[in-house]
Amino acid sequence: MPDRPAVLFVCLGNICRSPLAEAAFRAEIARRGLDVEVDSAGTGDWHLGEAPDARAQAVARRNGTDIAHYRARQVRASDFDRYTHVLAMDRDNLRQLQRLRAPGTTARLGLLLDHVPERVGESVADPYFGAADGFDATWTDVSQGAAGLAAELAAWTPTASRN
Ligand code: 4NP
């Protein structure tokens with residue numbers, strides 16, 4: 001079991017939604033001074049090794065974060081022990097994670113938006129096949145999720161409990 005929170009954000013391709021969730025959450029933990037391990041991954045393998053979609057890079061940049069160096073990877077079996085939280089962007093990917101996890105692994109599985117009280121059970125907007133402004137809606141969603149999650153984790157990180 002990890003000795004600090006460790007969060008893995010998961011979507012299908014790891015080039016749009018989960019990299020944006022990772023970026024928004026990294027900004028939140030930096031702002032709050034929290035010690036949390038963070039990464040993102042995809043359940044699919046179509047985009048392995050690729051940088052985020054150019055439209056995702058652009059919306060991140062507009063919101064003050066550079067994600068050009070992120071590279072897509074696929075969820076692996078060890079993620080379910082390495083991370084305390086494995087958070088899917090939508091229900092399809094959550095179901096896939098539930099199939100992939102081995103019995104006895106320790107990660108909590110859930111949806112990112114379960115960490116926003118009024119959005120429990122909702123999915124982050126999938127912008128991949130839509131118009132460019134869909135990425136702004138995705139950014140809004142992942143930012144809400146990131147803020148809610150960071151507020152929860154602040155209660156139990158070693159950094160927070162020393163303050
Ligand atoms: P993501 O978006 O899962 O948010 O990274 C997608 C990326 C690729 C595909 C679909 C969604 N695709 O069909 O290749």
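Residues numbered from 1 in each chain as written. Predicted model: local features only at pLDDT ≥ 70, side-chain atom pairs only at ≥ 80, totals over all residues. Heavy atoms only, no water.

1. A short note on the layout of surface pockets
Here is step 1 of the chain: Considering only enclosed or pocket space, the largest pocket measures out at about 190 Å³ in volume.
Here is step 2 of the chain: Along the walls of the largest pocket sit C11, L12, G13, N14, I15, C16, R17, W46, H47, D126, Y128 and F129, which together make up its complete lining.
Here is step 3 of the chain: Counted by class, the lining of the largest pocket contains 7 nonpolar, 3 polar and 2 charged residues. (1 Å grid on protein atoms, 1.4 Å probe; cavity = no way out; pocket = protein on both sides within 12 Å on 5 of 7 lines; lining within 4 Å. Points joined across faces, edges and corners; volume = space filled by probe spheres on them. Nonpolar A, V, L, I, M, F, W, Y, C, P; charged D, E, K, R; others polar.)

2. What about the sheet that holds strand β3 (residues 85-88)?
Here is step 1 of the chain: The strand order across the open sheet formed by 4 strands is β2-β1-β3-β4, and the pairing between neighbours is parallel. The two strands at the open ends of the sheet, each matched to only one other strand, are β2 (37-42) and β4 (108-111). The sheet shows a mean angle of 20° between the axes of neighbouring strands, taken without regard to direction.
Here is step 2 of the chain: Across 4 bridges, the pairing between β3 and β4 is parallel. Within β4, the position partnered with V86 by the bridge is L109.
Here is step 3 of the chain: Along the sheet, helix α4 (residues 91-100) makes contact with β1 (6-11), β3 and β4, crossing β4 at roughly 165°. (Pairing = 2+ DSSP bridges. Helix = DSSP H or I, 4+ residues; strand = E, 2+ residues; numbered from the N terminus. Axes fitted to C-alpha atoms, helices over the stretch in contact; angles between N-to-C directions. Contact = heavy atoms within 4.5 Å.)

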